[in-house]
Every structure is written in C-alpha cells, then in structure tokens.
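Topology and contacts: notes
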Amino acid sequence: MLYNRGMHAYTMTFVGGGHMASALIGGLIGSDVSPERVQVVDPSAERRELLATKWGISAHAALDETATQVDVLILAVKPQIMPEVLAQIRPHLSNDPCPMIISVASGINLHAIETALGPRPVVRTMPNTPALVGAGITALVSNEALEDTHRQWANDLMGRVGECVWLDDEADIDLVTAISGSGPAYFFALTEHLVTSAIQHGLSPTIAEQLAHQTAHGAGQMLKTREASAALLRQQVTSPGGTTEAALNVLNQNQFAQIVDEAVSAAQARSQALGAQNAEQPSKES
Ligand SMILES: NC(=O)c1ccc[n+]([C@@H]2O[C@H](COP(=O)([O-])OP(=O)(O)OC[C@H]3O[C@@H](n4cnc5c(N)ncnc54)[C@H](OP(=O)(O)O)[C@@H]3O)[C@@H](O)[C@H]2O)c1
C-alpha cells in the first residue's frame, strides 16, 4: 500500500529532528516539496516548534499512526538510542512492506533494522556534514527488498543535500565512513594548520583565515568540476624549482601519503569496531 499521491510525491516522516534531519527537510521544502508530505517526530518541544514554524511541516512528540502511515520513515537519531527508537517504532508498523526505511545513523547495519522492524525495504546511508550546506555526498546501500521506486525515493531524498553513490556491499560503509564521512574533518584540520602557520609567520588572523578558507573553497571547486584528477591539478600548480614544489617536498619527506593512509585505516577500523558494538546492543536488550 502506498500513502503517496503518485510516484514523485512520496510522503515521509523523520524520526529525530536534529541537524541531519533539518538539513534534509530544508533541502526538500527549499526545492518546492509540499510541507504536507513531510512530518517529524522529536521529543524536544523547542525543536518541534522550530521545524514546524520554519518549514510548515507537522511535528509530533511521539510516533503515532499518522506519523507512521507514510511511504518513507527516515531514522535520524543518534546511533546509541537506535535500539530504543526501533522498539518504539515496531508496534506502529503492520506487516505491509510500507513504509520503507531510510537510516542515516552511522554504525547501525541493515540486519539490525530489518530484525527490529520486520521485512521491508531498508536503505542504510552514510551522509557527511557538508549536507548541512547542500554540498554533501551520501553513500547508500540497501537490502534485497528494495524496488526501483524505493531506490528513486532514497536518491531523491539524499540528493536534496548533495550527491549520491550506491554501494553493492554493506561492508564498504566502514571505508566510506573513513573517506567521506570523516573526510571533511581532514580538510578542516589542514585548513586550521594553514591558518595557524600564516599567523605564526606574521599575517593577521583575519587575513590568514580569509586566505586559507577561500583557498580550500577554490581548490574544492576545481576538484568538483572533475575535469582533472587531484594529481593532475597538483602537478599543474607545481612548477619545477618553485614555491609549491618546495612545500610539497617537505610534506613528502614527512610521509604525507603514508600519514593519510594510516589515518584512513584508523577511521575504518574505528567504524568497524563501533558497528560491532552497536550490533551487540539490540541482542543484549532482547
Ligand atoms: N550531523 C551530521 O553531519 C551527520 C553526518 C553523518 C551521519 N549522521 C547521523 O545522523 C544521525 C542524526 O545526527 P544529528 O547530528 O542530526 O543528531 P542530533 O542533532 O542529535 O539529532 C537527533 C535528534 O533526535 C532526537 N531524538 C532523541 N530521541 C528520540 C526519539 N525517541 N524519537 C525521535 N527523536 C528523538 C534528539 O532529541 P534530543 O536532542 O532531545 O535527544 C535530536 O533532536 C546520527 O545517527 C548520525 O550518526 C549525522
């Protein structure tokens, strides 16, 4: 059973109305999705008021039949409370495969969601923080129950805040987490060090920050066109014997590539460990 008014007008409820949900709701309503299609459930009266006033959507304190009679339920709560939230949702769902589930929670696997909510289409996603400014990238992976329509809905939803890539293998999520999930922080750290260095070498904090931030933005914009690889763009700004080469030589002498590789491995391993920890949680409670 579909609760929508057509293939392109799926209805949805966000469970959790925090940062990620707000970004997605902003992306939807900001691109002319009717507020009537969107509901949110959040225990905080302040958040409900804010979301309802800003976007004109209906906001509920707890899940009820109205909130669950939608095409898509989006799980946007912190991973640590997910077992509790899944248990709250279950009594409101029938055996009908609708609604499909889209989870943005890191470390909660497809199996845990299917086990808690019964057989239905489930998409697990790994968005990243730039989604908050509409420039995110989300990796998506699904269970076998997913049909083309569900895939289109998931793409449409996550596509409102950036790009989407689909994975064939859920195990790749840990590596994706290490690259694009944690990735923005690596670029922030590099920018932070550039600002510090500029100040230490004598520039004012204001000018140091403006130079470093706009340089990060400009480099990102050049990468975004994808007309050239990062390696080629780097080569193009590195004249033999020039200033850039002098700087890159220092990075290379200090094993820059190896440091990045080790950082990715550490993030991947941590993602695997947190996932395993979360996978144990529901079984402990059952
Ligand atoms: N923010 C990001 O950039 C980002 C990136 C990738 C993935 N994610 C994932 O997105 C998910 C949400 O992250 P977030 O940053 O949006 O977190 P957040 O801002 O803390 O939002 C979660 C919201 O859920 C509410 N909540 C708590 N219990 C609830 C319940 N039983 N039913 C409904 N809502 C409930 C929270 O209310 P209280 O605060 O009152 O508890 C809060 O408003 C997380 O699983 C995270 O892993 C986020």
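Please refer to the structure higher up on the page.
All of the points below concern the structure found in this document. In this convention, every chain numbers its residues from 1, walking through the sequence in written order. Side-chain atom pairs in this predicted model are given and counted only at pLDDT of 80 or more, local residue features only at pLDDT of at least 70, and totals for whole chains, interfaces and linings cover all residues. Hydrogens are left out, water is left out, and the side-chain values use all remaining heavy atoms of the structure.

For the rest of this paragraph, the subject is the overall build of the protein chain. Helix numbers and strand numbers start at the N terminus; a helix is a DSSP run of H or I with at least 4 residues, a strand a run of E with at least 2. Secondary structure assignment for the protein chain yields 12 helices and 8 strands. When its C-alpha atoms are laid out on the principal axes, the protein chain stretches across 70 × 40 × 35 Å. The 286 residues of the protein chain split such that 39% are buried. Whether two residues touch is decided by their heavy atoms; if any such pair falls within 4.5 Å, the residues are in contact. Long-range pairs, those at least 24 residues apart, make up 63% of the contacts in the protein chain between residues at least 6 apart in sequence. Surface accessibility in these figures is a Shrake-Rupley result with a 1.4 Å probe; residues are shielded only by whichever protein chains are displayed. Counting only carbon and sulfur atoms, one obtains 56% of the accessible surface of the protein chain, whose full area is about 15900 Å². Burial here depends on accessible area, computed with a 1.4 Å probe over protein chains only, as a share of the maximum for the residue type. Under 20% is buried, over 50% is exposed, and the range in between is partly exposed.

Each Phe, Tyr or Trp ring, with Trp reduced to its six-membered ring, pairs with another whose centre is within 6.5 Å; inter-plane angles below 30 degrees give stacked pairs, above 60 give edge-to-face pairs, and intermediate values give tilted ones. Scanning the entire structure with this criterion turns up 1 aromatic pair. Two thresholds decide whether a charge sits over a ring: the Lys NZ or Arg CZ must be within 6 Å of the ring centre and within 35 degrees of the ring normal. Between arginine 37 and the ring centre of tyrosine 10, over which it is positioned, the NZ or CZ distance is 5.0 Å. For the cation-ring pair, arginine 151 lies above tryptophan 166, with the distance from its terminal atom to the ring centre recorded as 4.3 Å.

Let us look at unusual backbone geometry. Glycine aside, residues mostly have negative phi, and peptide bonds are mostly found in the trans state. In this model, cysteine 98 is joined to proline 99 through a cis peptide bond whose omega is 5 degrees. Inspection of the secondary structure puts proline 99 in the loop between helix H4 (82-89) and strand E5 (100-103). For glutamine 255, which is not glycine, the phi dihedral falls at a positive 60 degrees. Within the element layout of this structure, glutamine 255 appears in the loop between helix H11 (243-253) and helix H12 (256-285). For glutamine 255, a relative accessible area of 42% puts it in the partly exposed group.

Let us look at the pattern of salt bridges. The working definition used for a salt bridge is a side-chain nitrogen of Lys or Arg within 4 Å of a carboxyl oxygen of Asp or Glu. Enumeration over the complete set of coordinates arrives at 3 salt bridges. Here glutamate 170 ties to arginine 124 by a salt bridge, and the two come within 2.7 Å at their closest N and O atoms. You can see glutamate 170 sitting in the loop between strand E8 (162-166) and helix H7 (173-181) and its partner arginine 124 sitting in strand E6 (residues 122-126), a full 46 residues away along the chain. Residue classification places arginine 124 among the buried residues on the basis of a relative accessible area of 7%. Across the pair lysine 224 and glutamate 163 runs a salt bridge, and its minimum N-O distance is 2.5 Å. Taken together, the residues span a long stretch of sequence, with lysine 224 in helix H9 (residues 205-224) and glutamate 163 in strand E8 at a distance of 61 residues. Exposure remark for glutamate 163: the relative accessible area of 27% places this residue in the partly exposed category.

Strand pairing is assigned whenever DSSP detects at least two bridges linking the two strands. On the basis of which strands lie adjacent, the open sheet formed by 8 strands has the order E3-E2-E1-E4-E5-E6-E7-E8 and mixed pairing. Pairing within the sheet leaves two strands with one partner each, and these edge strands are strand E3 (58-60) and E8. Neighbour-to-neighbour, the strand axes of this sheet turn through a mean angle of 25 degrees, independent of strand direction. By the bridge criterion, 4 bridges tie strand E1 (residues 12-15) to strand E2 (residues 38-41) in an arrangement that is parallel. Bridge pairing in E2 places valine 15 opposite valine 41. Strands in contact with helix H5 (residues 110-117) are strand E4 (72-75), E5, E6 and strand E7 (136-142); relative to E6, the strand with the most contacts, it is inclined by about 140 degrees. Note on method: axes are straight lines fitted to C-alpha atoms, helices fitted across the in-contact stretch only, with angles between N-to-C directions ranging 0 to 180 degrees. Sheet contacts for H7: E6 and E7; angle to E6, the most-contacted strand, approximately 40 degrees.

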